[in-house]
Amino acid sequence: MAAPVCIVNAIAQDKFKATIAADFVSNYIWRGQDMGNVSLQPTLGVAYKGFSLSAWGSVGLTNSSDTKEFDLTFSYSTGGFNVGITDYWTNNGQDPKNRYFLYGAHETNHVFEANVGYDFGILNAQVYVNFAGNDGTNKSDKRAYSTYVELSAPFRLATCDWTAAVGIVPMATSSYGTTGFAVTNVSLKAAREICITDKFGIPLFAQVIGNPCSQKAYFVFGFTLHP
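Think of each chain on its own: its residues are numbered from 1, step by step along the sequence as written. Local features in a predicted model are, by the rule used here, given only for residues with pLDDT of at least 70; side-chain atom pairs are given and counted only at 80 or more, and totals for whole chains, interfaces and linings are based on all residues. Working from all heavy atoms in the structure, the side-chain values ignore hydrogens and water.

Chemist: What's the story with the overall build of the chain in this structure? I'm lost.
Modeler: Strands here mean DSSP runs of E at least two residues long; helices mean DSSP runs of H or I at least four residues long; both are numbered from the N terminus. Helices and strands together make up the secondary structure of the chain, namely zero helices and 14 strands. Along the chain, from the amino end to the carboxyl end, the secondary structure elements read β-β-β-β-β-β-β-β-β-β-β-β-β-β. Each radius of gyration is computed over the set of C-alpha atoms, and the globule rule expresses the reference value as 2.2 Å times the number of residues to the power 0.38. Its C-alpha atoms give the chain a radius of gyration of 18 Å, near enough to 17 Å, the size a compact globule of 227 residues would have. For the C-alpha atoms alone, the extent of the chain along its principal axes is close to 55 × 40 × 35 Å. Only protein chains enter the calculation, and the probe is 1.4 Å; a residue is then buried if its accessible area is under 20% of its type maximum, exposed if over 50%, and partly exposed in between. Looking at the chain as a whole, 43% of its 227 residues qualify as buried.

Chemist: What should I look at first to understand the confidence of the model for the chain in this one?
Modeler: The predicted coordinates should not be examined in detail at positions where pLDDT is low. Every residue gets a pLDDT, meaning the predictor's confidence in that residue, from 0 to 100. Per-residue confidence for the chain gives a mean pLDDT of 91; residues scoring 70 or more make up 92%. Two residues qualify as a contact provided that any one of their heavy atoms is within 4.5 Å of a heavy atom in the partner residue. With pLDDT under 50 throughout, residues 3-13 is counted as low confidence; its partners more than four residues away or in other chains account for 29 contacts.

Chemist: Can you walk me through the pattern of salt bridges in this structure?
Modeler: Salt bridge, as used here, is a side-chain nitrogen of Lys or Arg placed within 4 Å of a carboxyl oxygen of Asp or Glu. Applying the stated criterion across every chain, the model contains three salt bridges. Between Asp 135 and Arg 143 there is a salt bridge; the shortest N-O distance is 4.0 Å. We note a salt bridge from Arg 156 to Asp 161, for which the minimum N-O separation is 2.9 Å. Look at Asp 161 and you get partly exposed, because its relative accessible area is 43%.

Chemist: How do you make sense of the packing of aromatic side chains when you look at a structure like this?
Modeler: Two measures describe an aromatic ring pair: the distance that separates the ring centres and the angle between the ring planes. Two aromatic rings, drawn from Phe, Tyr or Trp (for Trp, its six-membered ring), form a pair once their centres lie within 6.5 Å of each other, and the interplanar angle then sorts them: stacked below 30 degrees, edge-to-face above 60, tilted otherwise. Here the structure, examined in full by the defined rule, presents 15 aromatic pairs. Ring geometry for Phe 51 and Phe 74: centres 6.1 Å apart, planes at 20°, overall stacked. With Phe 51 in strand β5 (residues 51-60) and Phe 74 in strand β6 (residues 68-78), this pair connects stretches of sequence that are 23 residues apart. The exposure class of Phe 74 is partly exposed, given its relative accessible area of 47%. The structure contains a cluster of three or more aromatic residues connected by ring pairs, namely Trp 30, Tyr 88, Tyr 128, Tyr 148 and Tyr 176. Here the guanidinium or amino end of Arg 31 rests over the ring plane of Tyr 128, the centre of that ring lying 4.2 Å away. One residue, Arg 143, lies across the ring of Tyr 145, its end atom 5.7 Å from the ring centre. Two limits define a charge over a ring: the Lys NZ or Arg CZ must be within 6 Å of the ring centre, and within 35 degrees of the ring normal.

What follows is the structure, given as structure tokens:
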């Protein structure tokens, strides 16, 4: 599902601001979960006075069975505070539930998630909760209201912008493959823009990701294209 770097952040402003961009990543890793190999992930968004509406997608470039995803996010931010709702949708090939306009509670591939957070500058805290759609189940085989909490800290070192993050899932849910409280994401990311001309540069990033819950680790490299 949508990686945090690809979500359009709204900033209070008097004019509409459009965002068009595309990430190319060596692996699609989302909150410590492996969602696919080499992928193209476009973003289209518009923001106005703190409100933001964005579309984000992902398609595998080397493996036809990789997750194909289309997400819509509506959010609002002011100062360090942000709140939003995301509609995640995945196209699972021949699965009869893969129709986009299928919203039945026990039939849809849509997952609806609410998020709230605050950026303190030295620390960014975000909470995400699935409240409807194709959510995972808990140990009682009931809707888990799957929750993910992430703390991230940005810093500058050796000409790169770094972000260290820790993500936890506080309860059992099949969405994250947890049986109770678990740390599912420990990551360190470095980013730097490579200048091609005086007016054009390509942001490069590399990220080391570990999932203590699944005992998996990943190294991801990518770059972003934008006007």
